[in-house]
Amino acid sequence: SMTGWDNVMCIRCPVWPTQAADWLNRQRQHGWPDIATITTVVNNGCHVVPVCHRQCKNDEWLRTHQWRLSFSKAETVLLNSWTPIQQIIYHMIRFVVKREVFQQDCNYIDKDVKLLSNYHLKTLMLWACELKSSEWWTPLKLVNICSKLLTVVCCWLQDGKCQHYFITNCNLFDFPQNVK
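Small disclaimer: the values here were computed from a predicted structure and weren't measured. (Residues numbered from 1 in each chain as written. Predicted model: local features only at pLDDT ≥ 70, side-chain atom pairs only at ≥ 80, totals over all residues. Heavy atoms only, no water.)

### Details of the packing of aromatic side chains
We describe a pair of aromatic rings using the distance from one ring centre to the other and the angle between the two ring planes.
Logical step 1: Tallied over the full model, the rule gives 10 aromatic pairs.
Logical step 2: Each ring, one from Trp23 and one from Phe166, has its centre 5.2 Å from the other, and the planes form 55 degrees; the classification is tilted. Here Trp23 is found in helix H1 (residues 21-25), whereas its partner Phe166 is found in the segment after helix H7 (142-159), with 143 residues between them in sequence.
Logical step 3: Ring geometry for Phe71 versus Phe166: centroids 4.7 Å apart, planes at 15 degrees, classification stacked. Of this pair, Phe71 sits in the loop between strand E3 (68-70) and helix H4 (72-80) while Phe166 is found in the segment after H7, placing the two residues 95 residues apart along the sequence.
Logical step 4: Here the basic side chain of Arg26 rests over the ring of Tyr165, its NZ or CZ set 4.9 Å away from the ring centre.
Logical step 5: Across from the ring centre of Trp136, 5.0 Å away, lies the NZ or CZ of Lys132, which sits over that ring. (Phe/Tyr/Trp six-rings, centres within 6.5 Å; stacked < 30°, edge-to-face > 60°. Helix = DSSP H or I, 4+ residues; strand = E, 2+ residues; numbered from the N terminus. Lys NZ or Arg CZ within 6 Å of the ring centre and 35° of its normal.)

Below, the structure is given as structure tokens:
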């Protein structure tokens, strides 16, 4: 089998889900994504995948009956609209996190659970692309931009909150909140 590939059964949902209606209508100060990209994303709909929440893995019924919305197609469209600088920064951030800079001193999390996944970093970048002006993404400040974005991740970790890019009321951090 090829490495880096996940085979997951999914069902295509041709309509944009109501849980993500806010994403469609929210005010975007800096024009990203543009109307054409938003239209493409929404017209593609999403997928539903049989994946249970990590905290439900011990429940026999939920483990086999829980499904989750997947926006992987939408994310691909958005990532393809990134500038070369945004793509480079995304890869730089992934490299830094992969070096396990962030994985230390987090003994309150199960050892088998990675604190930050690529999905968290993709979410960080999607938010940054929407919230920052095109002038902010300057090639002269690559390291500076990476540093600022990694600081945002630190704040997310401290607060135990990583807001899903498409679904308003969804926190992507599900680790135990017993440490502050």
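### Focus: the nonpolar core
Logical step 1: Core analysis: the biggest nonpolar cluster contains 43 residues, and Ile93, Trp137, Leu149 and Phe166 have the highest contact counts within it.
Logical step 2: Taken together, the elements giving at least two residues each to this core come down to helix H2 (35-44), H4, helix H5 (84-98), helix H6 (118-131) and H7.
Logical step 3: The residues touching Trp137, leaving out its near neighbours within four places in the chain, are Ile85, Gln86, Ile89, Met125, Ala128, Cys129, Lys132, Ile145 and Leu149. (Core = buried A, V, L, I, M, F, W, Y, C linked by side-chain atoms within 4.5 Å. Buried < 20%, exposed > 50% of the residue type's maximum accessible area, 1.4 Å probe, protein only. Contact = heavy atoms within 4.5 Å.)

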